[in-house]
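# Summary of the model geometry
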Amino acid sequence: MHPAGEKLLGFNSTEEQPSGPRGQDSMWRNEKYETVPLDVKGIDEDNSKGTRDSLYPQAALRKAQQGNERPKDPKLWPYFQDGLRRIDYVLTYHVQKPQSTRKLSAKSCLCFKFRREQSSPPAHEDPELAAQEQRLDYHEDDQRLRREEFEENLREMGLEMEREEGNKIPGVGFLKIHAPWEVLCREAEFMKLKMPTFKKYKVSHGSSIVEKVNMFVQKVTATLQPKVGENRVENEKYLSYPFSREKQHLFDLSDRNSFFDSKTRSSIVYEILKRTKCTRAKYIMGISSLLGSGVYTEAYPLHDGDIDGINAEANDRKILCEEWASYSIFYKYQPIGLIRKYFGEKVGLYFAWLGVYTQMLIPAAIVGVIVFLYGCVTVEDNIPSMEVCDERNNITMCPICDRVCSYWKLVTACGTARASHLFDNAATVFFAIFMALWATMFMEHWKRRQMRLNYIWDLTSFEDAEGKQKSQPRAEYEFHVMKKSLKKEKPPKEENVKLTCRDRMPAYMTIIVMMVFLICVTLAIVFGVVLYRVSIMTALHMSSTPSFRTNIRATVKTTAAIINLIIIIIMDEVYGAIARWLTIMEVPKTDKSFEERLIFKTFILKFANAFTPIVYLAFFRGRIIGRPGKYIYVMGSYRMEECAHAGCLMELCIQLCITMLGKQLIQNNLFEIGVPKLKKMLRQRKIDKKHQEELDKTLHRHEKDHFLGPFVGLNPEYMEMIIQFGMVTLFVASFPLAPLFALLNNIIEIRLDAKKFVTELRRPIAVRAKDIGIWYTLLRGLSKVAVIVNAFVISFTSDFIPRLVYQYMYSPDGTLHGFVNHTLSYFNVSHFQPGTEPTESMHLGYKVEVCRYKDYRDPPWSDTPYEFSRQFWAILAARLAFVIVFQNVVMLMSDFVDWLIPDIPKDISIQIHNERNLIVELFMKQEQGKKYRNTIGDPSPQPLRSRPSSQA
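Residues numbered from 1 in each chain as written. Predicted model: local features only at pLDDT ≥ 70, side-chain atom pairs only at ≥ 80, totals over all residues. Heavy atoms only, no water.

Turning our eyes to something else, we now look at the overall build of the protein. In terms of regular secondary structure, the protein is built from 32 helices and 15 strands. The 952 residues of the protein split such that 51% are buried. (Helix = DSSP H or I, 4+ residues; strand = E, 2+ residues; numbered from the N terminus. Buried < 20%, exposed > 50% of the residue type's maximum accessible area, 1.4 Å probe, protein only.)

There is a patch of nonpolar side chains on the surface, built from Ile209, Val213, Phe216, Val217 and Val220 and spanning about 490 Å² of accessible area. With respect to the helices, strands and loops of the structure, isoleucine 209 is situated in helix 7 (residues 208–220). (Patch = residues over 30% accessible without salt bridge, like charges linked within 9 Å, V, L, I, M, F, W, Y side chains within 5 Å. Areas by Shrake-Rupley, 256 points an atom, 1.4 Å probe, with all protein chains shown as cover. Salt bridge = Lys/Arg side-chain N within 4 Å of Asp/Glu carboxyl O.)

Tallying each qualifying case throughout the model produces 49 aromatic pairs. Look at tryptophan 181 and phenylalanine 260: their rings are 5.5 Å apart centre to centre, the planes differ by 55°, and that puts the pair in the tilted class. Remark: phenylalanine 260 occurs in the loop between helix 8 (256–259) and helix 9 (262–275) and tryptophan 181 occurs in helix 6 (residues 181–191); sequence separation between them is 79 residues. Phenylalanine 260 matches tryptophan 181 in its accessibility class, with the two residues each being buried. Centroid distance phenylalanine 868 to tryptophan 873: 6.1 Å. Interplanar angle 75°. Geometry classified as edge-to-face. A relative accessible area of 34% places phenylalanine 868 in the partly exposed class. A relative accessible area of 49% places tryptophan 873 in the partly exposed class. Positioned above the aromatic ring of tyrosine 826, the side-chain terminus of arginine 852 is 3.8 Å from the ring centre. (Phe/Tyr/Trp six-rings, centres within 6.5 Å; stacked < 30°, edge-to-face > 60°. Lys NZ or Arg CZ within 6 Å of the ring centre and 35° of its normal.)

As a further point, take the packing of helix 22 (residues 591–619) against helix 26 (residues 715–729). Contact geometry for helix 22 and helix 26: axes closest at 11 Å, N-to-C directions at 40°. The handedness of the crossing between helix 22 and helix 26 is right-handed. Across the interface between the two elements, Glu595, Leu598, Ile599, Thr602, Phe603, Lys606, Phe607, Ala610, Phe611 and Ile614 from helix 22 touch Asn715, Met719, Ile722, Ile723, Gly726 and Met727 from helix 26. Of the residues assigned to the contact of helix 22 with helix 26, the class counts are 11 nonpolar, three polar and two charged. (Axes fitted to C-alpha atoms, helices over the stretch in contact; angles between N-to-C directions. Left-handed = near helix turned anticlockwise from the far one by under 90°. Contact = heavy atoms within 4.5 Å. Nonpolar A, V, L, I, M, F, W, Y, C, P; charged D, E, K, R; others polar.)

Further remarks concern unusual backbone geometry. Backbone phi values are negative for most residues with the exception of glycine, while trans is the configuration of most peptide bonds. Notably, aspartate 458 is not glycine yet its phi reads approximately 60°, a positive angle. Mapped onto the elements of the fold, aspartate 458 is located in the loop between helix 16 (426–456) and helix 17 (462–465). Positive phi, close to 65°, is recorded for tyrosine 866, a residue that is not glycine. Mapped onto the elements of the fold, tyrosine 866 is located in the loop between strand 15 (850–854) and helix 31 (870–900).

The subject of this paragraph is the state of the cysteines. Counted under the stated rule, the structure contains three disulfides. Through a disulfide, cysteine 398 is tied to cysteine 851; the S-S separation comes to 1.9 Å. Here the S-S torsion is close to 85°, and the disulfide linking cysteine 398 with cysteine 851 is therefore right-handed. With cysteine 398 in the loop between strand 8 (396–397) and strand 9 (408–409) and cysteine 851 in strand 15, the pair connects residues that are 453 residues apart, well separated along the chain. Across the pair, cysteine 851 and cysteine 398 agree in class, each one buried. Bridging cysteine 401 to cysteine 405, the disulfide has an S-S length of 1.5 Å. Looking down the S-S bond of the cysteine 401 and cysteine 405 bridge, the torsion is 85°, so its handedness is right-handed. Taking relative accessible area as the criterion, cysteine 405 reaches 1% and is therefore assigned buried. Cysteine 657 carries a free sulfur, and the closest cysteine sulfur to it, the one in cysteine 653, is 6.3 Å from it. For cysteine 657, a relative accessible area of 22% translates into the label partly exposed. (Disulfide = S-S within 2.5 Å.)

For the rest of this paragraph, the subject is the pattern of salt bridges. Applying the stated criterion to the full structure yields 42 salt bridges. Here glutamate 915 ties to lysine 237 by a salt bridge, and the two come within 3.0 Å at their closest N and O atoms. Here glutamate 915 is found in helix 32 (residues 906–935), whereas its partner lysine 237 is found in strand 6 (residues 236–242), with 678 residues between them in sequence. Owing to a relative accessible area of 12%, lysine 237 belongs among the buried residues under this scheme.

Looking at where glutamine 655 falls in the secondary structure, it is placed in helix 23 (residues 649–685). You can call glutamine 655 buried: its relative accessible area is 3%. One polar contact links glutamine 655 to asparagine 564, side chain to side chain, over a distance of 3.4 Å. Leave out the neighbours within four places in its chain, and glutamine 655 touches Ala561, Asn564, Ile614 and Leu617. (Polar contact = N/O pair within 3.5 Å; in protein donor to acceptor, adjacent residues only side chain to side chain.)

A few words now on the environment of tryptophan 181. For tryptophan 181, a relative accessible area of 11% corresponds to the buried category. Distance in space between the C-alpha atoms of tryptophan 181 and phenylalanine 259 is 10.0 Å, their sequence separation being 78 residues.

Residue-level pLDDT values for the protein average 78, and 78% of them are 70 or greater. Contacts for the low-pLDDT stretch residues 1–67, under 50 throughout, to residues beyond four places or in other chains number 142 contacts. A low-confidence stretch, residues 464–470 (pLDDT under 50), is modelled with 10 contacts involving residues beyond four sequence positions or located in other chains. (pLDDT = per-residue confidence, 0-100.)

Before going further, it helps to spend a moment on the environment of methionine 360. On the secondary structure map, methionine 360 appears in helix 13 (residues 345–378). Judged by relative accessible area, methionine 360 falls into the buried class, the value being 16%. Taking the C-alpha atoms as reference points, methionine 360 and phenylalanine 442, 82 residues apart in sequence, are found 6.5 Å from one another. Those residues in contact with methionine 360 that lie beyond four places of it in its chain are Trp438, Met441, Phe442 and His445.

Attention now goes to the packing of helix 6 against helix 9. Closest axis-to-axis distance for the helix 6/helix 9 pair is 10 Å, and the angle between their directions is 80°. In terms of their interaxial angle, helix 6 and helix 9 are classed as roughly perpendicular. Taking contact as the criterion, the partners of Val183, Leu184, Arg186, Glu187, Ala188, Phe190 and Met191 in helix 6 are, on helix 9, Arg265, Ile268, Glu271, Ile272 and Arg275. When the residues that make up the contact of helix 6 with helix 9 are grouped by side-chain class, the tally is seven nonpolar, no polar and five charged. (Parallel < 35°, antiparallel > 145°, perpendicular 65-115°, else oblique.)

This next bit is on helix 29 (residues 800–810). All of the buried residues in helix 29 are Phe800, Ile801, Pro802, Arg803, Val805 and Tyr806. On its buried face, helix 29 sits against helix 14 (383–389), helix 16, helix 28 (774–797), helix 30 (819–823) and helix 31.

Another aspect to go through is the UniProt feature "transmembrane region" (unreviewed entry) in the protein. Those places that UniProt annotates as "transmembrane region" (unreviewed entry) correspond, in this numbering, to residues 350–374, 426–443, 508–534, 554–578, 598–619 and 721–744. Counted over residues 508–534, helix gives 100% and strand 0%. Its end C-alpha atoms are 39 Å apart. (UniProt positions renumbered as here; feature names shortened; annotations may be inferred.)

Attention now goes to the nonpolar core. Across soluble globular proteins, nonpolar side chains have a tendency to be buried as a group. Membership of the largest hydrophobic core comes to 116 residues, with the highest contact counts inside it found for Trp353, Tyr357 and Phe731. Element by element, the count of residues in this core is highest for helix 13, at 16 residues. Listed in part, the 46 residues of the second largest apolar core include Phe150, Ala179, Val183 and Ala188. (Core = buried A, V, L, I, M, F, W, Y, C linked by side-chain atoms within 4.5 Å.)

Structure representation (structure tokens):
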């Protein structure tokens, strides 16, 4: 601690100056700059009065007040009490002790604690309670001392702070942080932030024909554009270049307050907070560890201002609330430029991707509705369903369960057969091919849109500039590395110590075992639902109540699908928590590696959770049941369930419909609306309503944001969209209305997420990103798998291939007349196993000698009774051939579309090339200007601060 005041950060232009031994050990430094102690007389935080501690130098305040800027009202804007310095970041901590006790210095606190420990407790006190109180006091004092050291290190880094404790929100202290201009310049240079120069150039939108088409499209869609300045198509663009203090003359610094916007300022402060260390606590490195250990409770940047009320002035947040986060403008485009400006590139890319995905769902939904309407129109002309519904056929079917189920007429399945034709017709094959090409077109369209955004947002050279930032280790990784180095007798150099595969082997083995176990749990849950369907089916047939015995199949299908939905929603939350725990155990080195591994584990578990019941219905149900007289049983006496006569496609459609609608309405929308509001109510419940109304009028921006929900990242938003994309593409042959349901959901989802980001959540840290990361790889993998899955659904789940084989190989007149009879085999009822024959054999009013069942087997009077017939092998060969042909043809078409459409638009590639030439031209002009000034004796203008001589 410095006795007379605080340290400010200065720039060292010639040589490095020491800042004390503790500062060297406790904070990270870059070689380009060094902290310089400047003692400011007359400042002592211990002598400051009131609940606010002035942690900033008065000299800087006087300098700011001498400017022309008018002070802002700190109640309406995120500013310090002086109204001149913006709050770039806020840290909160728990306040429990009285203010007078908390004002003690570190030394006096330690002495007081020592004397208190030496004294014996009074006779009337409980020794256990006194000891517990002493432990709590010690914990609070230790956390306070950690905060003091951390804040001192922040001041050495040049940040200015203002503290506020327990004024309006009991038990909560606020540390408001401001980054001065010099700190912003230094960090922007280190982070290689591309900032606009004073040089402008004209943006070409392609050839004259393309430009005219773009102008026409803009005029047509003018009413759909939001009223936001950042959304206009600019004909001119500022040339951007990585910021450098030596080249400040290239940038327009006429208004320093707006040169770095609020999201950039908060991200700069966050980078400083991440790398500033606290050596008092063992292995504490950065704000993440301090938050995890409870030294600070919350850390967040502030919103720009209010969105409602009389005093709400115009700001980006209010514009977003009016032009984006409103359900009444659902038909308008999103203001992607303003979203990126306010929330950062990563959030902007998510909403841009969601917008492109929703737009691409429009043609898919239209084609899906046309396919469904085609099934509705042709249902009356469908020969197989007409034969099922024809009572003259008088086909007697075998029982669907043992003993309690009796024989039944095929005509009773008329409704199911007609409904199945809506989703199982010739158009579904065309729709499956269309959706495979649609997925490829969507991926290509997004790549081009992403590249255009990279150009507009100056991210074309982002990866090279961010190489060092991405490799920065996480605090947890450094903690484990330090523990490993301390265990060794001769600790090696720090840079040589790292976690090897051998160190992580226990974690890897745990992850593998847990992942396999959780997938087995998912399979066990599906098997449990299967047992539920079988047992309920038998119980309803045994019921003496006539109302229970009607529509048994529909009742069992619907209730089982609802149970599956409830289990999926519950297990999604469980799997998400387990995936995070496993990733933490793995100790990834960087934040990017941690996020990718977490996404991969979560995706595998949630994908298996959502699609295992659907895969069972599509490919396994009805195929492992055996035959009459030789059924397959599970759990002793439960016979495996079989599909309806029209196949399992209708049940697959019901399962997809309920799962998709249920997840979107309950898990996504209802939870996203209800849970944040419930949490906000619980946070505000601690304060009386009257007191709450008074507080709302007097709360400052940092206090209002404290009551908002924390931002937990974009992974949940991406995950629900990826699962939806799987629902839309993987089994679309069985449910052509899936794109329509996804479209309607996404229209609401965009505005719901917008309202949540703007009004319900704290402002996230602005993170730069060039693409959507691993999510693109998952999307591309799903689009490839979808081709294979739809090929198997068409060939094995639907009756498309059996109908083709019958029509062209076995039909006497080349039509589908007689197809139903061709698919049914014969069974002699005398061949039932003892104890499995129906108890009510005269249920139909006559004695049954032969019943029918759906399969391709030889009749009982043949030489090979009940063996697979030649028709079965012919249809199986046709099915396998269709899968191979369909898969190769569709993938070849998809690859052709991928090759045909370039990833980078031609006009964007030209503009990127022109930008590079303009940068070279700009530097050449600057060099020529310097030489000219030197020749006429006019020295070149000096930059604000120069780089240290060692870095020249």
